[in-house]
Amino acid sequence: MPELPEVETIVRELRPQLVDRRISAVRMSRQRLRKQWQKSWERQLIHHRVAAIRRRGKWILLDLDPDLHLVIHLGMTGQLTIRPAQELLRTHTHLVFSLDGGHSELRFRDTRRFGSATLFASGAELERFFEEVELGPEPFHLNAKYWQQRLAATRRCLKAVLLDQRVVAGVGNIYADESLFQARLHPARLGNEVSATEAMRLRRALIRVLNRAILQRGSSIRDYVGGSGQRGQYQEEFRVYQRAGQPCPRCRKPIACIRLAGRATHFCARCQPLSDSKNVVPCI
DNA sequence: ATAGGCGCCTGCTGGC
DNA sequence: TGCCAGCAGGCGCCTA
C-alpha cells in the first residue's frame, strides 16, 4: 500500500528516466479507475515533454510543457513503472504512456483499481484541486504551532488524526502505527488530551520513521514496487505493524492489535500506555 | 464535530 | 481438493 515513502521512492526512481522525454502515444484499458480517464486527455498529452515529476502527499505529479499536469494516485495496489515497450503487458495494466523513441513505456498498473489518473490543463486547475481536497502540509514541513493547534482542536484519536490527509499529507496505516510506537503514544489517545511535549515527540517520530523508510525505499508487503520494479526493504524494520502477538522490540510484551478509525492498529500496551481505560475492540 | 458504515475492487487466507 | 466468507485499506460519501 503506497504511502509517502513508497510514492517518494517511485518519484525518485522515475525522475532520471522520465524528465525531458516526450509522450508519443497513450493507451488505456477498458476498465475504469476510481476516476474515469477521459479519452480527450490522450490527445492533449501527445508530443508534450515531461518537465518534472514530483510528489505531494501520496499524489504523484507529472508536469508537462507548457502547463499540463498529470496527477496520479496509487490507491492500495497501484504501480507506476517504466518498462521496455517489447515487455509483455501484465494484467491490470490500465494506462500506458509511450515515450519518445517508443522503446520504453510508463505503465500504470493497479489490481484493485482504487487508484486514479487525472489531467489538469493548467497550474491553476491543479492548485484548485489540492484546495478542494484540503491536502495538509508535508510531514517534513509540519510547523510546530500548527501541529499542536490541530491536535488541541480535536477530540479524535491520534491514529485518526495521522490518517487524515487534511491534517498532514502522506501518512497511511503502516507509518501511523510505526510513528506512534516510536513516539510511545497510544493510538487511542485523544488529540486534545496530548501535551505539547507529546505532540512534538510525535512530529519528531513521524519524520524519523518516514525518512528511514525512504532510505529503505519503502515497504513491500505484497504489491508495492518502486519505479524500477524493485521491492522496498522497510518491512524488515517494522516494530509493530503486522506484528500482533510477537514480542515488543523494546519490552518483549506481545504487540496488541485493535481496530481504530476503521483500521487494524498495532501497538505495545506497555510502551504506549493509555492512562484512562477505554473500550477498544480486540481484533485477532 | 465526529464516528461509523458502506462501496469500490481483487487476491489471499482460513475454516469446513 | 474445492468452495466461500472474511479480510486487507485509501478515499469519498452518507447517516446518525
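Note on numbering: residues in each chain are counted from 1, in written sequence order. The naming scheme follows written order: chains are lettered A onward, ligands numbered 1 onward. Since the coordinates come from a predicted model, pLDDT governs what is reported: local features require at least 70, and pairs of side-chain atoms require 80 or more to be given and counted, while whole-chain, interface and lining totals use all residues. Calculated side-chain values reflect all of the structure's heavy atoms, with hydrogen atoms and water omitted.

A. Structural detail: the pattern of salt bridges. Each salt bridge in this description consists of a side-chain nitrogen of Lys or Arg and a carboxyl oxygen of Asp or Glu lying within 4 Å of one another. One pass over the structure, following the stated rule, counts 19 salt bridges. The partner of Asp 164 in a salt bridge is Arg 156, with the nearest N and O atoms 2.9 Å apart. Beyond isolated ion pairs, a larger network of salt bridges with shared partners links Glu 8, Arg 12, Arg 55, Arg 56 and Glu 138.

B. A look at the protein's contact with DNA strand C. To be near a molecule or strand, a residue needs just one of its heavy atoms within 4 Å of it. Around DNA strand C sit 13 residues in total, of which Arg 34, His 73, Arg 112, Phe 114 and Arg 259 are the nearest. Among atoms of DNA strand C positioned within 4 Å of the protein, sugar and phosphate together represent 51%. Note that a phosphate oxygen of DNA strand C is positioned 3.4 Å from one of the side-chain N or O atoms of Lys 58. By the criterion applied in these results, polar contacts are pairs of N or O atoms within 3.5 Å in which, for protein atoms, one can donate a hydrogen and the other can accept it, and in which residues neighboring in sequence qualify only through two side-chain atoms. In this structure, a phosphate oxygen belonging to DNA strand C sits 3.1 Å away from a side-chain N or O atom of Tyr 241. All residues other than Ala, Val, Leu, Ile, Met, Phe, Trp, Tyr, Cys, Pro, Asp, Glu, Lys and Arg, Gly among them, are scored as polar; the first ten of these are nonpolar and the last four charged. Looking at the surface near DNA strand C residue by residue, the classes come out as five nonpolar, three polar and five charged.

C. Spotlight on the sheet that holds strand β4 (residues 68-73). Taken in spatial order, the four strands of this open sheet run β2-β3-β4-β8, and their pairing is antiparallel. Of all the strands in the sheet, just β2 (50-56) and β8 (116-120) have a single pairing partner and so form its edges. The mean inter-strand angle of the sheet, taken between neighbouring strand axes irrespective of direction, is 20°. Pairing between strands is defined by DSSP: at least two bridges between the two strands are required. Here a helix means four or more residues in a row that DSSP labels H or I, a strand means two or more in a row labelled E, and each is numbered from the N terminus. Summarising the sheet, strand β3 (residues 59-64) and β4 pair through six bridges and their orientation is antiparallel. Counterpart to Trp 59 in the pairing with β4 is His 73. Where helix α1 (residues 4-18) meets the sheet, its contacts fall on β2 and β3, and the angle it forms with β2 comes to roughly 170°. Between N-to-C directions, angles span 0 to 180 degrees; the directions come from axes that are lines fitted to C-alpha atoms, helices contributing only their stretch in contact. In this analysis, two residues are considered to be in contact whenever any of their non-hydrogen atoms come within 4.5 Å of each other.

D. Local environment of the domain arrangement of chain A. Annotation comment: domain bounds sourced from an automatic or database domain assignment. What the domain assignment lists for chain A is domain 1 (4-132) and domain 2 (139-282). Summarising the inter-unit geometry, the C-alpha centres of domain 1 and domain 2 are found 29 Å apart. In this assembly, 21 residues from domain 1 lie in contact with 21 residues from domain 2. Counting the surface lost from both domain 1 and domain 2, the interface buries some 1,600 Å², and carbon and sulfur atoms represent 57% of this. On inspection of domain 1 and its partner domain 2, the count reaches one salt bridge. One salt bridge connects Glu 13 with Arg 217, and the closest N-O pair in it is separated by 3.0 Å. Across the contact surface, domain 1 and domain 2 share five residue pairs in polar contact (both at pLDDT 80 or more). Breaking the side of domain 1 that touches domain 2 down by element, the ones donating at least two residues are α1, β2 and β5 (78-84). The element that contributes the greatest number of residues to the side of domain 1 that touches domain 2 is α1, accounting for 10 residues. Here's the idea: put two parts together, see how much 1.4 Å probe accessible area each one loses, and the total over both is what we call buried area.

E. Examining the protein's contact with DNA strand B more closely. In the region of DNA strand B, the neighbouring residues are Gln 31, Arg 34, His 92, Thr 111, Arg 112, Arg 113, Phe 114, Thr 154, Arg 155, Arg 156 and Cys 157. Put simply, 69% of the atoms of DNA strand B that lie within 4 Å of the protein are in sugar or phosphate. In this structure, Arg 34 approaches DNA strand B through a side-chain N or O atom, which is 3.3 Å from a base nitrogen. One of the side-chain nitrogen or oxygen atoms of Arg 113 is found 2.7 Å away from a phosphate oxygen of DNA strand B. Tallied by class, the residues present in the surface near DNA strand B amount to two nonpolar, four polar and five charged.

F. Expanded view of the packing of aromatic side chains. Between the rings of Phe, Tyr and Trp (Trp by its six-membered ring), a pair exists once the centres lie within 6.5 Å; its type follows the angle of the planes, with under 30 degrees stacked, over 60 edge-to-face, and the other angles tilted. Tallied over the entire structure, the rule returns nine aromatic pairs. For the ring pair Phe 129 and Phe 130, a centre distance of 5.2 Å and an interplane angle of 65° mean the geometry is edge-to-face. We call a residue buried when its accessible area falls under 20% of the maximum for its residue type, exposed when it is over 50%, and partly exposed in between, using a 1.4 Å probe and counting protein chains only. Phe 129 gets classed as buried once you look at its relative accessible area, which sits at 10%. Their ring planes at 75° and their centres at 5.9 Å tell us that Tyr 234 and Phe 238 sit as a pair that is edge-to-face. In this structure Tyr 234 comes out as buried when scored by relative accessible area, which is 4%. Judged by relative accessible area, which is 10%, Phe 238 ranks as buried. Among the aromatic residues, those joined into a ring-pair cluster are Trp 59, Phe 120, Phe 129 and Phe 130. Over the face of the ring belonging to Phe 181 we find Arg 250, whose NZ or CZ atom lies 4.3 Å from the ring centre. Counting as a charge over the ring demands two things of the Lys NZ or Arg CZ atom: a distance within 6 Å of the ring centre and an angle within 35 degrees of the ring normal.

G. Quick look at the side chain of Thr 265. Among the secondary structure elements, Thr 265 is positioned in strand β10 (residues 263-267). Within the structure, the side chain of Thr 265 is placed 3.1 Å from the backbone oxygen of Arg 263, a separation counted as a polar contact. Setting aside chain neighbours within four positions, we find Thr 265 in contact with Lys 159, Asp 177, Pro 187, Ala 256, Cys 257, Ile 258 and Leu 260.

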